[in-house]
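# Breakdown of the fold
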Amino acid sequence: MQKKVGEDYLLTLTGGEEHVGAVAVGLFDEKNQRASSSVITMPGHREEYLALDGARQVSRVTKNTSVFVVGIHQDDISLKK
């Protein structure tokens, strides 16, 4: 889901059993023309890299603030060979 909040963006990425596993904020620095992001991860969750990278990329492209919420859960997931 994507929602515009003024000039900023709120995005969610979920799969399986929906929940909040990690939340990241992306910022764009006009002076240096660079994007950065910070993340908060819920204990026991592993979505931090998806949230962190997603928020940074959205802010880099839009040159605005973004909030990226990620929660993906799938029981018994494994690699298929």
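Scoring rules and cut-offs
Residues numbered from 1 in each chain as written. Predicted model: local features only at pLDDT ≥ 70, side-chain atom pairs only at ≥ 80, totals over all residues. Heavy atoms only, no water. Helix = DSSP H or I, 4+ residues; strand = E, 2+ residues; numbered from the N terminus. Expected span 1.5 Å × (residues − 1). Buried < 20%, exposed > 50% of the residue type's maximum accessible area, 1.4 Å probe, protein only. Arc of directions from axis to C-beta. Contact = heavy atoms within 4.5 Å. Pairing = 2+ DSSP bridges. Axes fitted to C-alpha atoms, helices over the stretch in contact; angles between N-to-C directions. Core = buried A, V, L, I, M, F, W, Y, C linked by side-chain atoms within 4.5 Å. Patch = residues over 30% accessible without salt bridge, like charges linked within 9 Å, V, L, I, M, F, W, Y side chains within 5 Å. Areas by Shrake-Rupley, 256 points an atom, 1.4 Å probe, with all protein chains shown as cover. Salt bridge = Lys/Arg side-chain N within 4 Å of Asp/Glu carboxyl O.

Let us look at helix H1 (residues 48-62). Here H1 is 15 residues long and its end C-alpha atoms lie 21 Å apart, about the 21 Å a rise of 1.5 Å per residue gives. Of the residues making up H1, those classed as buried are Glu 48, Ala 51, Gly 54, Ala 55, Val 58 and Ser 59. Angularly, the buried residues of H1 cover 145° about the axis, an arc narrow enough to put them on a single face. Summarising the geometry of H1, the exposed residues directed more than 90 degrees from the buried face are Tyr 49 and Val 61. Among the structural elements, strand E2 (8-16), strand E3 (22-29), strand E4 (34-41) and strand E5 (66-73) are those in contact with the buried residues of H1. Backbone geometry just after H1 places Lys 63 at a positive phi near 60°.

As a further point, take the sheet that holds E5. With respect to topology, 5 strands assemble into an open sheet ordered E1-E2-E5-E3-E4, the strand pairing being mixed. Every interior strand has two partners, whereas the edge strands, strand E1 (2-5) and E4, have only one. If you compare each strand with its neighbour and ignore which way they point, the axes differ by 15° on average. Judged from the 4 bridges that link them, E1 and E2 form a sheet pairing that is antiparallel. In the sheet register, Lys 3 faces E2, and the bridge partner there is Leu 10. Running at roughly 150° to E4, H1 makes contact with E2, E3, E4 and E5 of the sheet.

Before going further, it helps to examine the nonpolar core. With 9 residues, the main nonpolar core is built from Tyr 9, Leu 11, Ala 22, Ala 24, Ala 51, Ala 55, Val 58, Phe 68 and Val 70. Listed by contribution, the elements that provide at least two residues to this core are E2, E3, H1 and E5. It is H1 that contributes the most residues to this core, 3 residues altogether.

All right, on to a nonpolar patch on the surface then. On the surface, a nonpolar cluster with roughly 230 Å² of combined accessible area is contributed by Leu 13, Leu 50 and Ile 72. Position of Ile 72 relative to the elements: it lies in strand E5. Among the residues examined, Ile 72 registers a relative accessible area of 38% and is labelled partly exposed.

All right, on to the pattern of salt bridges then. Overall, the coordinates contain 2 salt bridges when judged by the stated rule. In this structure, Glu 7 and Lys 4 form a salt bridge, with 3.9 Å as the shortest nitrogen-oxygen distance. When its relative accessible area of 54% is taken as the criterion, Glu 7 is described as exposed. You can call Lys 4 partly exposed: its relative accessible area is 42%. One salt bridge in this structure joins Asp 53 and Arg 56, with 3.0 Å as the shortest N-O distance.

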